[in-house]
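What the coordinates show
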Amino acid sequence: MEHADEVYDVIVVGAGIEGSSTAYNLAKFGKRTLLLEQFPLPHSRGSSHGQSRITRKAYGSRDFYTQMMAEAFAMTDELQKECGEQLFINCGCLVIGPRTADFLSKTKSCLKRYGIPHDQFDIYEQRKRFPALSFRDDFEFVLDKSGGLLRSDKILQAFQRQFVRYGGVLCDGEPMIDLYPGTIVSVKTTKGLHRARSVVLTLGPWAAKFLPRLGLNVPLQPLKITVCYWKEKHGGNFNIENFPTFTMNGAAGKHHIYGLPACEYPGLVKICLHHGPNIDPDNRDGVENDWVLDAMKLIIATHFPSLEKEPSIVETCIYTNTPDEDFVLDVHPTWKNIVIGAGFSGHGFKLAPVVGKVLGELATGQKPSYDLSHFKINRFFKTKL
Ligand SMILES: Cc1cc2nc3c(=O)[nH]c(=O)nc-3n(C[C@H](O)[C@H](O)[C@H](O)COP(=O)(O)OP(=O)(O)OC[C@H]3O[C@@H](n4cnc5c(N)ncnc54)[C@H](O)[C@@H]3O)c2cc1C
């Protein structure tokens, strides 16, 4: 086995959005950092591929995310300036649901509490503003004007490119196959051995398979998410200039869905179910998935009558859910120089700039900028580790 002489400050394993942001933050602040990725980049096997994600400032009753979002917006803006490319389109984020729904009242109260600009309106106003949508009379709408669309593939590339510009070393096509804890941590890959003072594991869905090898049976469940693009019958109603991103609870079949305006592919609107079958990430497409498409077709026929009944394009992505859908941002209970970022539960992209900052802080022994008590590994266990 090859032994590299260099001892890095930090090795980050996993170059999805969370690992790439962590590596960027570390290199930017002068830490000698290696970023390892198992697949040749770019790839579409994990959770961070694709051209668009939703962002918004209000996070319902989970104030700890709302507080982080303020800095996430500022950091995305900074990255935008560094790379000279537009990474965020401020088209708004519309929250849709039955008037009595808990999540709707929590969103409204969060927007008010934090003074985030928003509009609240009923079905009659919706029919004027967004005539291509169809809802029952008891539905209500809240537009978070600060929200919009993140150009996710460009953000991922920007983090990786800037990381290398700041002196970071990026090795793709090099899976970690083992990890040896210690004052100096050794990471064994298919190509050799790398050493560092600390390691950050941002393995996405593969965390569920690797963490038990470090004695951590964190309840992480990878889900297959079916990404559907629906063609407009007449065009023009869902352009990014006149239509926001949206999330909706209580869609036909009582599902939670979300959508983004026609932006990635001309005339195609991205609308997806916020759920899917459990999977092993190494056998992502080997599951029965028809019920997801059936549920989506019913939702489109009921609420989006101006879209074709069948999706034109279907792609796949993976969520890694925790039982409470909050992230894991913590150090290993025994080896404090092994840091874990996992379980981003289908909402981790918008927070990635801040996640990268705090994982970097944990890896370099600094006090985290945020209270991380909601993100502890211990919360899953009655007997504390
Ligand atoms: C369809 C879809 C829509 C979404 N929409 C939104 C949204 O609108 N807003 C939002 O905020 N979030 C959204 N999310 C969630 C967000 O995209 C994820 O939370 C985020 O991408 C998670 O990133 P990650 O870095 O943890 O995982 P990943 O992107 O999977 O990265 C993990 C990386 O680790 C690598 N790896 C694993 N094991 C090893 C190893 N042994 N050696 C080396 N490398 C390894 C993997 O190959 C992978 O590249 C969405 C997710 C999906 C799937």
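These numbers come from a predicted model, not from an experiment.

Our focus in this paragraph is the environment of H43. Along the chain, the position of H43 falls in the loop between β2 (33-36) and β3 (53-55). Once the C-alpha coordinates of H43 and G16 are considered, the two residues, 27 residues apart in sequence, prove to be 9.3 Å apart. Leaving out residues up to four positions away in the same chain, H43 has contacts with E37 and H49. Within polar-contact distance, the side chain of H43 engages the side chain of E37 at 3.3 Å. Reaching out from H43, the side chain makes a polar contact with the backbone nitrogen of R45 at a distance of 3.0 Å.

Turning our eyes to something else, we now look at the site of the ligand. Taken together, 34 residues lie around the ligand, and E37, H43, S48, I54 and C317 are the ones closest in. A distance of 3.1 Å separates an oxygen atom of the ligand from a polar atom in the backbone of E18. Within the backbone of G346, one N or O atom sits 3.5 Å away from a nitrogen atom of the ligand. Protein contact buries 96% of the 1,000 Å² of open area that the ligand shows by itself. Broken down by secondary-structure element, the contributors of at least two residues to the shell around the ligand are α1 (17-28), β3, β13 (221-231) and β17 (313-321). A breakdown of the residues in the shell around the ligand according to their chemical character gives 18 nonpolar, 12 polar and four charged. A domain-level breakdown of the shell around the ligand finds at least three residues from each of domain 1 (3-49 + 153-219 + 324-380) and domain 2 (78-149 + 221-321).

All right, on to the nonpolar core then. By size, the foremost hydrophobic cluster in this structure holds 45 residues, and its most contacted members are M68 and L329. Counting only elements with at least two residues in this core, the list comes to β1 (3-13), α1, α2 (63-83), α5 (152-165), β18 (328-331) and α8 (352-363). A total of nine residues in this core trace back to one element, the largest contributor, which is α2. For this core, the domains that each give at least three residues are domain 1 (3-49 + 153-219 + 324-380) and domain 2 (78-149 + 221-321).

A separate point is the environment of A132. Mapped onto the elements of the fold, A132 is located in the loop between α4 (123-129) and β7 (139-144). In this structure A132 comes out as buried when scored by relative accessible area, which is 8%. In contact with A132, not counting residues within four places along its chain, are N237, F238, H303, F304, P305 and S306.

Let us look at the packing of aromatic side chains. Summed over the entire model, instances satisfying the criterion amount to 20 aromatic pairs. One aromatic cluster is present, formed by F121, F130, F135, F139, F141, F238, F243, F246 and F304 through successive ring pairs. Lying across the ring of Y59, R56 places its NZ or CZ 4.6 Å from the centre. Looking at R129, its charged tip hangs above the ring of F121, at a distance of 4.3 Å from the centre.

Buried residues dominate strand β16 (residues 268-273), accounting for six of its six residues. Of the two faces of β16, the one carrying L268, K270 and C272 and the one carrying V269, I271 and L273 are both buried. Two elements, strand β15 (residues 255-260) and β16, share four bridges in a ladder whose sense is antiparallel. Bridge pairing in β16 places I257 opposite L273.

This model, assessed by the stated rule, comprises 28 salt bridges. The residue K81 makes a salt bridge to D77 at a minimum N-O spacing of 3.1 Å. Here D77 and K81 lie together in helix α2, a separation of four residues that amounts to about one turn. On the basis of relative accessible area, D77 is assigned to the partly exposed category, the value being 31%. D280 is the salt-bridge partner of K209, the closest N and O atoms lying 3.1 Å from each other.

Overall, mixed pairing links the eight strands, which are arranged β6-β7-β5-β14-β15-β16-β13-β17 in an open sheet. Each edge of the sheet is formed by a strand with only one pairing partner; in this case those strands are β6 (118-122) and β17. Looking at each pair of strands side by side, their axes are set apart by 20 degrees on average, direction ignored. Alignment of strand β5 (residues 93-98) against β7, held across six bridges, turns out to be antiparallel. Considered in β7, the bridge of V95 is made with V142. In this fold helix α3 (residues 102-113) packs onto β5, β6, β7 and β14 (245-251), with an angle of close to 140 degrees to the strand it touches most, β5.

The rules behind these values
- Residues numbered from 1 in each chain as written.
- Predicted model: local features only at pLDDT ≥ 70, side-chain atom pairs only at ≥ 80, totals over all residues.
- Heavy atoms only, no water.
- Helix = DSSP H or I, 4+ residues; strand = E, 2+ residues; numbered from the N terminus.
- Contact = heavy atoms within 4.5 Å.
- Polar contact = N/O pair within 3.5 Å; in protein donor to acceptor, adjacent residues only side chain to side chain.
- Near = heavy atom within 4 Å.
- Areas by Shrake-Rupley, 256 points an atom, 1.4 Å probe, with all protein chains shown as cover.
- Nonpolar A, V, L, I, M, F, W, Y, C, P; charged D, E, K, R; others polar.
- Domains from an automatic or database assignment.
- Core = buried A, V, L, I, M, F, W, Y, C linked by side-chain atoms within 4.5 Å.
- Buried < 20%, exposed > 50% of the residue type's maximum accessible area, 1.4 Å probe, protein only.
- Phe/Tyr/Trp six-rings, centres within 6.5 Å; stacked < 30°, edge-to-face > 60°.
- Lys NZ or Arg CZ within 6 Å of the ring centre and 35° of its normal.
- Pairing = 2+ DSSP bridges.
- Salt bridge = Lys/Arg side-chain N within 4 Å of Asp/Glu carboxyl O.
- Axes fitted to C-alpha atoms, helices over the stretch in contact; angles between N-to-C directions.

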